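Residue-level structural notes
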Amino acid sequence: MRRLGNLLKAAPRSGARAVKIAVITLLGIMLPAGALFAASQAGKPTFSVQVSPASQSVVRGSAVSYTVTLTSQNGFAGTVAMSASALPSSSTAGFSAANLNVAAGGNATTTLTVSTTASTPVGTYSPQIQGTSGKTTASTTAGLTVNYPLSGSFSLSSAPASLSISPGSSGAYSLAISRTNLTGPISFTLSGLPQGVTASFSPNPATGNTTTLQVTASPSAPAGSWTLYIVGSGQDATGKTQYGYASVQFGIVSNGKAFSISGDAASQLAPGVSRTLGLAFSNPNNQSLSVTNLSVTIASISQTATAKAQGLPCTAADFAIAQYSGPYPVALPSGSSSLTSLGVASSQWPKISMLDTAANQDGCKGASLVLTYSGSGQGN
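An account of the accompanying structure is given in this report. As the structure is a prediction and not an experimental result, all values here were calculated from the model. (Residues numbered from 1 in each chain as written. Predicted model: local features only at pLDDT ≥ 70, side-chain atom pairs only at ≥ 80, totals over all residues. Heavy atoms only, no water.)

1. So, the side chain of Ser-353
- Positionally, Ser-353 belongs in strand β27 (residues 351-354).
- Polar contacts involving the side chain of Ser-353 include one to the side chain of Ser-274, which spans 2.5 Å.
- Dropping the residues within four chain positions of it, Ser-353 is found in contact with Val-273, Ser-274, Asp-318, Phe-319 and Ala-320. (Helix = DSSP H or I, 4+ residues; strand = E, 2+ residues; numbered from the N terminus. Polar contact = N/O pair within 3.5 Å; in protein donor to acceptor, adjacent residues only side chain to side chain. Contact = heavy atoms within 4.5 Å.)

2. With respect to the environment of Leu-294
- Structurally, Leu-294 is set in strand β23 (residues 289-302).
- For the pair Leu-294 and Val-330, spaced 36 residues apart in the sequence, the C-alpha separation amounts to 9.1 Å.
- Setting aside residues up to four positions removed in sequence, Leu-294 forms contacts with Ile-261, Phe-281, Gln-323, Tyr-324, Tyr-328, Val-330, Ser-374 and Gly-375.

3. Thoughts on the state of the cysteines
- According to the stated counting rule, one finds one disulfide in the structure shown.
- Note that Cys-314 is cross-linked by a disulfide to Cys-364, the S-S spacing being 2.1 Å. Of note, the bridge from Cys-314 to Cys-364 carries an S-S torsion of about 105° and is right-handed in sense. Here Cys-314 is found in the loop between α2 (305-309) and β24 (319-322), whereas its partner Cys-364 is found in the loop between β27 and β28 (368-379), with 50 residues between them in sequence.
- The buried category is assigned to Cys-314, whose relative accessible area is 8%.
- With a relative accessible area of 9%, Cys-364 lands in the buried category. (Disulfide = S-S within 2.5 Å. Buried < 20%, exposed > 50% of the residue type's maximum accessible area, 1.4 Å probe, protein only.)

4. Description of the pairing of strand β9 (residues 128-133)
- On β9, burial follows the alternation: Ile-129, Gly-131 and Ser-133 on one face are buried, whereas Gln-128, Gln-130 and Thr-132 on the facing-out side are not.
- Pairing of strand β4 (residues 78-85) with β9 involves five bridges; the strand directions are antiparallel. Counterpart to Ala-81 in the pairing with β9 is Thr-132.
- Where β9 meets strand β10 (residues 136-141), six bridges bridge the pair, whose relative direction is antiparallel. Counted as the bridge partner of Gln-130 is Ser-139 from β10.
- Hairpin connection, β9 to β10: the antiparallel pair is bridged by two residues, and Gly-134 has positive phi, about 65°. (Pairing = 2+ DSSP bridges.)

5. Description of the sheet that holds strand β20 (residues 260-262)
- Across the sheet, which stays open at both edges, the three strands sit in the order β20-β22-β26 with antiparallel pairing between neighbours. Strand pairing shows two members of the sheet lacking a second neighbour, β20 and β26 (335-338), which therefore form its edges. The average angle at which neighbouring strand axes cross in this sheet is 20°, direction not considered.
- Relative to strand β22 (residues 280-283), β20 runs antiparallel, the two sharing three bridges. Residue Ser-260 lies in a different strand from β22, and its bridge partner there is Ser-282. (Axes fitted to C-alpha atoms, helices over the stretch in contact; angles between N-to-C directions.)

6. Observations regarding the side chain of Gln-56
- On the secondary structure map, Gln-56 appears in strand β2 (residues 55-59).
- For Gln-56, the contacting residues outside a window of four places in its chain are Val-64, Ser-65, Tyr-66, Gly-143, Leu-144 and Thr-145.

7. Topic: the packing of aromatic side chains
- Applying the stated criterion to the full structure yields four aromatic pairs.
- Centroid distance Phe-47 to Phe-76: 5.1 Å. Interplanar angle 50°. Geometry classified as tilted. Of this pair, Phe-47 sits in strand β1 (residues 46-52) while Phe-76 sits in the loop between β3 (63-73) and β4, and the two are 29 residues apart along the sequence.
- Judged by relative accessible area, which is 2%, Phe-47 ranks as buried.
- Aromatic pair Phe-188 and Phe-201: ring centres 5.3 Å apart, planes at 25°, arrangement stacked. Of this pair, Phe-188 sits in strand β15 (residues 187-191) while Phe-201 sits in strand β16 (residues 197-202), and the two are 13 residues apart along the sequence. (Phe/Tyr/Trp six-rings, centres within 6.5 Å; stacked < 30°, edge-to-face > 60°.)

In C-alpha cells form, the structure reads like this:
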C-alpha cells in the first residue's frame, strides 16, 4: 500500500512537469514565428535606378548625357555593375563609373553618355539602363531622340505639316526649299514609313525651290499615326555635302468614305507657259468634309513615238507645280462641288508650268502628262 501511495503522490508532479514542458515548447514555436513575421515586413534588400533628365534629343554624330542615381532600399549595401541596352544602331554608351558602391541607406551616381555617329538612324528610342549586384537587378528606361544635323546652306519646310488619308488613297506634302549657300540639285530620302505605305518625291533631285512628297496607303494599310523624317542633301560651292531636314506627321484613318478629286488644264503647255487647274470634287458621304490638304503631282509623262525614237528626254524636271494656296479648311458639301462653286479665286488654284530651260526640250513636244490629285479631310 505504501508503494501505491507513493506512486499516487508522484503523479501530480509528473503531470505538472508535463504541463510546463508543453508551455515551454509552445513558446519555443511562437518566438521564431514572430521573428519571421518581422522579417517579411522589412523586405528584401535591393536598390532603385533613376535617370535625369527623363528624355534627351541629340543631333546624330554628337553625344548626350544622363545622370543615373542608385538608391539603397531595405538596407542594401554592395557594388552595382551598370549597363545600357536598346540603343540605336551605330551608337555606343559609356558610364563615368561602371561599378558603383552603394552604402546601406545611401545612394550613388554616375553619368551615362550616349554617343551617336553620322550613320545612326534618325528616330525615337528607349534605352534601358540596368544595375546588377549578384542576383539583384533593377532598371529604368530613358527617352532618346536622334535628329539630323542642321545645315546653314538650305532648310526645308512642309505644307501641310500634318495630314491623314484613308486606306487605298494618297496624300501629298509640298516642300519649300530655302537656299542660302547652295545652288545645285538637292536629293531627298524619307524614313519612318509604316507598313503598307509607299512614298515618292517629285522632282527628285530638285533644282528649284520646291518638291512634292506623295504618300500612298494600300487598301490593307493599318490605321495609326506616325512621324516621317525627310532628308535633303546637296553639295555646296566647295563640294561639301550639306543636309537639311524636316519632319511631318502622317496618319491613316479607316472611318468614312474617300472623296474623289479631278481636274485638268484648260489648254496646252509650252516652255514658259503656266495653266491653272480647276479642281472638282465628289463627296460620297452624307455629311460635309473638312479638307485640310489638297495637292497635285505628276504621275507619268507619255512622249510621242518620234521623241522616243530619237531618245529625246522629257521628265518631271521640265515642269513645276504650284500647289493650292487658298484658305483651309475647305468645306466640301455632300455630292459634287468645285473650287469655282466654293468661291475660291482662280489665283489660288493649283497651277502647272512648263519650265523654259537651257536644255533641249523637244522631247516634251506633243507629250501627255498624267496628274494625280490628292487630299485629306475629316467629317464635320
